[in-house]
Amino acid sequence: MSEEVRNNTDFENKPLCLSGRGVTKIFGFGDKKTVAVDHVDFDFHEGEFVSIVGESGSGKTTLSKMLLGLSNQTEGQILFQGKPRDISSGRKKKEYWKGIQAIFQDPFSSFNTFQKVDNVLLDCINMRGGKSLSKKEKFDMMTEACNFVNLKFAELTNKYPFELSGGQMQRLMIARIFLLKPKILLADEPTSMVDACSRATILDMLLNLRDETGMTVIFITHDIGLAYYISDTVYIMEHGKFVEYGKADEVILQPKAAYTKRLISDVPKIHEEWDLSTVDQLSEN
Amino acid sequence: MGKAMLEVRNLKTKYVTRFHEDVYAVDGVSFTIEEGKSLGIAGESGCGKSTLALSMMGYYFPPLHYISGDIIIDGKNISGMKPDDVRKTILGSEIAYIPQAAMNALNPTQKIIRFIEDVIRAHDPKKDKKEIREIAAARFKELGLPPETLDKHAVELSGGMKQRTVIAVSTILNPKVLIADEPSSALDVTSQKMVIKMMKELMEKGYIKSMLFITHELPLLYNVTDDIMVMYAGQIVEKGTAQEMVFDPVHPYAHGLMDSILVPEEGTRGQKLGAIPGAPPNLKKPPDGCRFAERCKYACADCRYTAIPEKPFGDGRMYRCLKDVDELKEVYANE
């Protein structure tokens, strides 16, 4: 998708992929009750690149776990492709996971240490119903997936994931997603453990992946600069609530909520002066 | 030109692996920090930033070994000193260090005041406890930390607060050089801002004479330090003022690095990010020629075989590339 299209696509007319109404997660009870996610509503459309931005402890990861079906919401409803999501049994969960996949923050703990890279990719093909394909076809698919993320499949065969660097592992994770072709990809801080140059490569790959497969990408991050660069829609989260959401340009360049303004002013910038004086008010609070 | 607070001359250090292989992590690094100035080091993971910091403190415990070079702090050469002597005479009073995981550096069973007593008494064993408390309370008050913190344990403090406490404790003896190794990368943006403000205050009030700031976050470096140098595979590839380095980088690696900056400002959404494909060379057998040649899109055959010296240019700037400055700038302009 070209840059112009990226900025102007109106996702509101596209079909809904994942939406939530009054989604809440409460940990503990009585006096020790913690409301981690507090009655949030959201609509993620097909092909949309959504970022959820917030500081540590704002409830981003709890929300992502609920979206992935790894934990149940205390209240509210999550709708997958317009229908209420059902993850009541293991079988149903597996069915749901065909539609949603994730990339996590730490690539080093995302892979099975005992499984070779070929098997990691082979599993993905089998999961997509490619069990009956010939060896040659499977090999071609794996090579294509590796080419997509600039890895050489011939160099990876017979290697274990821990023999790769962090950036390579994260790219292998994207190759997995490329083979699985889920409807939704949830990326939980996928670039926070890699350096700036690998970060640019991974971001470009995620954008290509979205353009090629038309999947919805939910990108969870604390870096507002990153969210602005990559996403179509930005949701700002504070204390378990969405304080502001909208198109990336509107939210970042004309923020309305006080929290968003503070978050943007706290990030060091290049062309604007970084105002350190606001810190005094913060420390008094 | 101000007085040189920290001078490093052709420093070389290595790691020795358990298979007795040498890994040349810092390979011929030279730079100077003048009084009242701060220098930032940028570079990708594994390029030797943190090893350089440890080497400068004389922290030579296996597997890290010193090979050659000089480290001169305010006219005093500390290279070749035993780690124990360095700890007793240099650390804390001449040079202070804030490690990457400073938040975990505080012993959870002790009160904050004990750490300060430890630091001060390591250099002046006869100092009275009451006197130490007075010094500590005054410094904490001045830096905007509540003096009650002194009687708290580390677990009672938040992440940002712990980090600021560590900085206050490590600079209590007014060191000449402060080395901060990613002091804010584990914090959220608001706490990061508080930490940075505190470090700037320490500089302005003259408690620390100079600062070396290591991070891979370039916008942060641009806002904090006067000069920036970019490291790649154990060597410095370019050095200049923060302004020059961010807006007018010369070396292809520095250029790629600066292109990957992401800030929430108008215009960044449309830009193409500079991604550098490939991986850094294996430092067990560093290449003969330019270390970046394998990943450089402007590299020629000569780059791979010719050892490249540091080349000075402009007003006190330096870069390490076979090509001329004008040639490189022309290439970037035509892209």
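Residues numbered from 1 in each chain as written. Chains lettered and ligands numbered in written order. Predicted model: local features only at pLDDT ≥ 70, side-chain atom pairs only at ≥ 80, totals over all residues.

Looking at the overall build of chain A
Along chain A, the regular secondary structure elements total 12 helices and 10 strands. Radius of gyration (C-alpha) of chain A: 20 Å, near the 19 Å computed for a compact globule of 285 residues. By principal-axis analysis of the C-alpha atoms, chain A measures approximately 65 × 45 × 40 Å. Expressed as a percentage of the 285 residues in chain A, the buried residues total 41%. Restricting to contacts in chain A with at least 6 residues of sequence separation, those with at least 24 account for 67%. (Helix = DSSP H or I, 4+ residues; strand = E, 2+ residues; numbered from the N terminus. Rg over C-alpha atoms; globule rule 2.2 N^0.38 Å. Buried ≥ 20, exposed ≤ 12 C-beta atoms within 10 Å, placed from the backbone. Contact = placed C-beta atoms within 7 Å.)

A word on the confidence of the model for chain B
Confidence in the prediction of chain B, expressed as mean pLDDT, is 90, and 100% of residues score 70 or more. This prediction of the complex comes with two scores: 0.86 for pTM and 0.80 for ipTM. (pLDDT = per-residue confidence, 0-100.)

Structural notes on unusual backbone geometry
As a rule of thumb, non-glycine residues mostly have phi less than zero, and peptide bonds are mostly trans rather than cis. Here the amide bond leading from Pro62 of chain B into Pro63 of chain B is cis, since omega sits at 5°, within 30 degrees of zero. Positionally, Pro63 of chain B belongs in the loop between helix H1 (49-56) and strand E4 (64-73). Phi at His239 of chain A is positive, roughly 45°, even though this residue is not glycine. Locating His239 of chain A in the fold gives a position in the loop between strand E9 (233-238) and strand E10 (241-247). On the basis of neighbour count, His239 of chain A is assigned to the partly exposed category, with 15 C-beta atoms found within 10 Å. Phi is positive for Asp74 of chain B, which is not a glycine, with a value near 45°. Here Asp74 of chain B is to be found in the loop between E4 and strand E5 (76-77).

Observations concerning the sheet that holds strand E2 (residues 22-34) of chain B
All names here are of chain B. Taken in spatial order, the 4 strands line up as E2-E1-E4-E5 in an open sheet, and their pairing is antiparallel. Edge positions in the open sheet fall to E2 and E5, since each of these has one partner strand only. As judged from the 2 bridges shared by E4 and E5, these two strands associate in the antiparallel manner. Paired with Ile73 across the bridge in E5 is Lys76. Together, strand E1 (4-16), E2 and E4 form the strand contacts of H1, whose direction differs from that of E2 by roughly 70°. (Pairing = 2+ DSSP bridges. Axes fitted to C-alpha atoms, helices over the stretch in contact; angles between N-to-C directions.)

Section: helix H11 (residues 258-266) of chain A
Among all positions of H11 of chain A, only Thr260, Leu263, Ile264 and Asp266 of chain A are buried. The buried residues of H11 of chain A all sit within an arc of 165° when viewed along its axis, so they share a single face. Residues Ala258 and Lys261 of chain A are exposed on H11 of chain A and point more than 90 degrees away from its buried face. Next to the buried residues of H11 of chain A lie helix H9 (224-230), E9, E10 and helix H10 (248-253) of chain A together with helix H6 (189-204) of chain B. (Arc of directions from axis to C-beta.)

Here we look at the packing of helix H5 (residues 135-148) of chain A against helix H7 (residues 166-180) of chain A
Residues and elements named next belong to chain A. Across the interface, H5 lies against H7 with an axial gap of 8 Å and an inter-helix angle of 130°. When the axes of H5 and H7 are compared, the pair comes out oblique. At the point where H5 passes H7, the crossing takes the right-handed sense. Residue-level contacts link Met141, Ala145, Cys146 and Phe148 of H5 to Ala175, Phe178 and Leu179 of H7. (Parallel < 35°, antiparallel > 145°, perpendicular 65-115°, else oblique. Left-handed = near helix turned anticlockwise from the far one by under 90°.)

So, the interface of chain A and chain B
Each partner contributes residues to the interface: chain A has 36 residues there, and chain B has 36 residues. Breaking the side of chain A that touches chain B down by element, the ones donating at least two residues are helix H8 (196-213), H9, H10, H11 and helix H12 (279-284) of chain A. The dominant element in the side of chain A that touches chain B, judged by the number of residues it contributes, is H8 of chain A, at 7 residues. Class assignment of the residues belonging to the side of chain A that touches chain B gives a composition of 20 nonpolar, 8 polar and 8 charged. (Nonpolar A, V, L, I, M, F, W, Y, C, P; charged D, E, K, R; others polar.)

Quick notes on the nonpolar core
Counting residues in each nonpolar core, the largest one holds 166 residues, and the members touching the most others are Ile174 and Ile218 of chain A together with Ile179 and Val230 of chain B. Sort the elements by how many residues they give to this core and H7 of chain A lands first, with 9 residues. The residues touching Ile174 of chain A, leaving out its near neighbours within four places in the chain, are Ile103, Val149, Met205, Leu206 and Leu209 of chain A. (Core = buried A, V, L, I, M, F, W, Y, C linked by C-beta atoms within 7 Å.)

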